[in-house]
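Fold and geometry: a report
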Amino acid sequence: MCGSTDIIKKDGFYVCNYCGTKYTVEEAKKIFLSSTVTVDKTDSISKYVEIMENAVKSQNYEEAEKYANMILEIDQHNYKAWYYKGLSAGWLSSIKNNRYIEALTCFQKAIENANNTDDIAKLKEKMNSDIFSVSLGMISLAGNMFSKVASLDNRSRIEGYISLVHKNFDGQLFADLAIDRGKMDSEIENRVFTAVSLGETNTIGNYKKLGGSGKVFKLSWNDYIDKLTACQLGYLTCARLSENNHQHLAEVYKRIVFVLNSIKNSYARDAHFTKDGEAVYQKDIDGFTNKIRELEKQDGVKYIDPIQLKKNAAETYQDPNGSETIVFILTVLVIVVALVIRFSH
């Protein structure tokens, strides 16, 4: 069978005018039906594309993806379908179902299947913007989780997503689209810094609601330390991404110093750091303070106010033995008064 649908009826059979193959009535019906369906599907592509594009305009990415898939079932080389399928996958990503790589794969297929030079140029221009939007959207998903719960796991997720973006700078798609890594890192850092700052604020706020140092028990205190440690690591991620922006880098280091002071000066009702434990944190505090000083020397600018730094440290300071000290002083006073009264008689 040659696949032609140019069939005529002859001597009780249906005969192909092209190759002479004879078909029964049932076989001929199947050929005609198949031909009709194919034509109908081909004609439907333009309608599907219109629906798909309108769905994207209204940000209905579920419907856009549905019609992109329908188009690709008919024509695997339709670059618009690949493009919108990738865009939809990117915006439909979630923490539980990260579709970032799928989106990039679809974008690559869109470029490969676009034949017209003008189409390719326009496609790359749109994709450059879309890569930023989809990448930063993924980072924001992880950032939102961290801002609510500043856990080590949520911080690791942020790092994982950043690594996912960075790996693609070695790939063909990012090279074809000339994705600016410096700009990407700056945008990522901005979102991470905001998320970590919110996570830090919420952690300290919730700790104070529980009563703060001297009021909470060891379990809550350990949780507080773990969350602030996650914030410290989050800020270190920011420092890595903003190493060329000294003014902002100094601000990141100041946040780290504040977090470390908050940990060092905290304690529970039934536990507190040893002097050696405090010394470990103090060493790190001094280290990051020196990093700020080094930036000041390089740039000839004051990034840190010594008075404010001491004030910040004082605000986070609470004596773990404070209540015991007060009791001791009161006891001494009572004894002194008693002795005075005794000897006055």
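To be clear, the structure that these remarks concern was listed above.
Residues numbered from 1 in each chain as written. Predicted model: local features only at pLDDT ≥ 70, side-chain atom pairs only at ≥ 80, totals over all residues. Heavy atoms only, no water.

Thoughts on the overall build of the protein
We count it as follows: Helix and strand labels come from DSSP, where a helix needs a run of H or I of at least four residues and a strand needs a run of E of at least two; each type is numbered from the N terminus. We call a residue buried when its accessible area falls under 20% of the maximum for its residue type, exposed when it is over 50%, and partly exposed in between, using a 1.4 Å probe and counting protein chains only. Every residue pair with non-hydrogen atoms within 4.5 Å of one another is taken to be in contact. For every accessible area listed, the method is Shrake-Rupley and the probe measures 1.4 Å; residues are considered covered only by the protein chains on display.
Helix and strand counts for the protein come out as 13 helices and three strands. When burial is assessed residue by residue, the protein has 40% of its 345 residues classed as buried. Excluding contacts between residues fewer than 6 apart, the proportion of contacts in the protein whose partners are at least 24 apart in sequence is 65%. Of the accessible surface of the protein, which amounts to about 20,100 Å², a share of 53% is contributed by carbon and sulfur atoms.

Here we look at the packing of aromatic side chains
What counts here: Put simply, two rings from Phe, Tyr or Trp (the six-membered ring, in Trp's case) pair if the centres are within 6.5 Å, and we call them stacked under 30 degrees between planes, edge-to-face over 60, tilted for the rest.
Within the structure shown, the criterion is met by ten aromatic pairs. Ring geometry for Phe193 against Tyr235: centres 5.7 Å apart, planes inclined by 55°, an arrangement best described as tilted. A residue pair is termed long-range when its members are at least 10 positions apart, and Phe193 in helix H8 (residues 181-209) and Tyr235 in helix H9 (residues 218-241) qualify at 42 residues. The pair formed by Phe193 and Tyr235 is uniform in burial state, with each residue classed as buried. Ring pairs connect the aromatic residues Tyr83, Tyr84 and Phe107, which therefore count as one cluster.

Overview of H8
Which entries qualify depends on this criterion: Multiply 1.5 Å by the residue count of a helix minus one, and that product is the helix's expected span. N or O atoms within 3.5 Å of each other form a polar contact, as long as, within protein, one can give a hydrogen and the other can take it, and as long as residues adjacent in sequence are counted only when both atoms are side-chain atoms.
With 29 residues, H8 should cover 42 Å at 1.5 Å per step; its first-to-last C-alpha distance of 42 Å lies within 8% of that length. The distance from a side-chain oxygen at the start of H8 to the backbone nitrogen of Gly182 is 3.0 Å, and the residue carrying that oxygen is Asp180. Residue Gly211 follows H8 closely and has a positive phi angle near 125°.

Looking at helix H10 (residues 246-264)
Counted at 1.5 Å a residue, the expected span for H10 with its 19 residues is 27 Å, and the 26 Å between its end C-alpha atoms agrees. The buried fraction of H10 is high, at 15 of 19 residues.

Remarks on the environment of Ile8
Residue position: Ile8 is located in strand E1 (residues 7-10). Under the relative-accessibility criterion, Ile8 is labelled partly exposed at 36%. For the pair Ile8 and Lys22, spaced 14 residues apart in sequence, the C-alpha to C-alpha distance is 9.6 Å.

Re unusual backbone geometry
The backbone of Gln59 shows a phi angle near 60°, a positive value even though the residue is not glycine. For Gln59, the location among the structural elements is in the loop between helix H1 (25-57) and helix H2 (61-74). With relative accessibility at 59%, the residue Gln59 sits in the exposed group. The phi angle at Ala178 is positive, at roughly 55°, despite the residue not being glycine. The residue Ala178 is located in the loop between helix H7 (172-176) and H8 in this model.

A short note on the side chain of Glu65
Structurally, the position occupied by Glu65 is in helix H2. There is a polar contact of 2.3 Å between the side chain of Glu65 and the side chain of Arg99. Leave out the neighbours within four places in its chain, and Glu65 touches Lys85, Ser88, Leu92, Arg99 and Glu102.

Considering the pattern of salt bridges
This is how it is decided: What makes a salt bridge here is a side-chain nitrogen of Lys or Arg within 4 Å of a carboxyl oxygen of Asp or Glu, nothing more.
The final tally for this structure, using the stated rule, is eleven salt bridges. For Glu102, the salt bridge goes to Arg99, with nearest N and O atoms at 2.8 Å. By relative accessible area, which is 12% here, Arg99 ends up buried. A salt bridge links Lys254 to Glu251; its shortest N-O distance comes to 3.4 Å.

Re the packing of H8 against H10
The relative placement of two packed helices is expressed as an angle between their axes plus a distance between the axes. What counts, and what does not: Helix axes are fitted only over the stretch in contact, all axes being lines through C-alpha atoms; the angle between N-to-C directions runs from 0 to 180 degrees. Note that the term roughly parallel is reserved for angles under 35 degrees, roughly antiparallel for angles over 145, roughly perpendicular for angles of 65 to 115, and oblique for everything else. With the far helix as reference, a near helix turned anticlockwise by less than a right angle produces a left-handed crossing, and one turned clockwise produces a right-handed crossing. Gly is put with the polar residues, along with every residue not named as nonpolar or charged; the nonpolar set is Ala, Val, Leu, Ile, Met, Phe, Trp, Tyr, Cys and Pro, and the charged set is Asp, Glu, Lys and Arg.
Interaxial distance between H8 and H10 falls to 12 Å at its minimum, and their mutual angle equals 20°. Relative to H10, H8 is oriented roughly parallel. As H8 runs across H10, the sense of the crossing is left-handed. Between H8, through Glu189, Phe193, Glu200 and Ile204, and H10, the contact on the second element is made entirely by His248, Glu251, Val252, Arg255, Phe258, Val259 and Ser262. Considering only residue class, the contact of H8 with H10 consists of five nonpolar, two polar and four charged.

Topic: the nonpolar core
Filter applied, for reference: We call a set of buried Ala, Val, Leu, Ile, Met, Phe, Trp, Tyr and Cys residues a nonpolar core when their side-chain atoms join them within 4.5 Å.
By size, the foremost hydrophobic cluster in this structure holds 81 residues, and its most contacted members are Ile131, Phe174, Met184, Ile188 and Trp221. Contacts of Ile188, omitting those with residues within four sequence positions, involve Leu136, Ile139, Ile162, Val165 and Leu241.

With respect to the environment of Leu228
Summarising the element assignment, Leu228 is placed in helix H9. Exposure remark for Leu228: the relative accessible area of 0% places this residue in the buried category. Through-space distance from the C-alpha of Leu228 to that of Gly199 is 8.6 Å; in sequence the pair is 29 residues apart. When sequence neighbours within four positions are dropped, the list of residues in contact with Leu228 reads Glu200, Thr203, Ile204, Val259, Ser262 and Ile263.

Quick look at the side chain of Ser93
Its location among the elements puts Ser93 in the loop between helix H3 (79-91) and helix H4 (100-113). Polar side-chain contacts of Ser93 include one of 2.8 Å to the backbone nitrogen of Arg99. If sequence neighbours within four positions are ignored, Ser93 has contacts with Asn98, Arg99, Tyr100 and Leu141.

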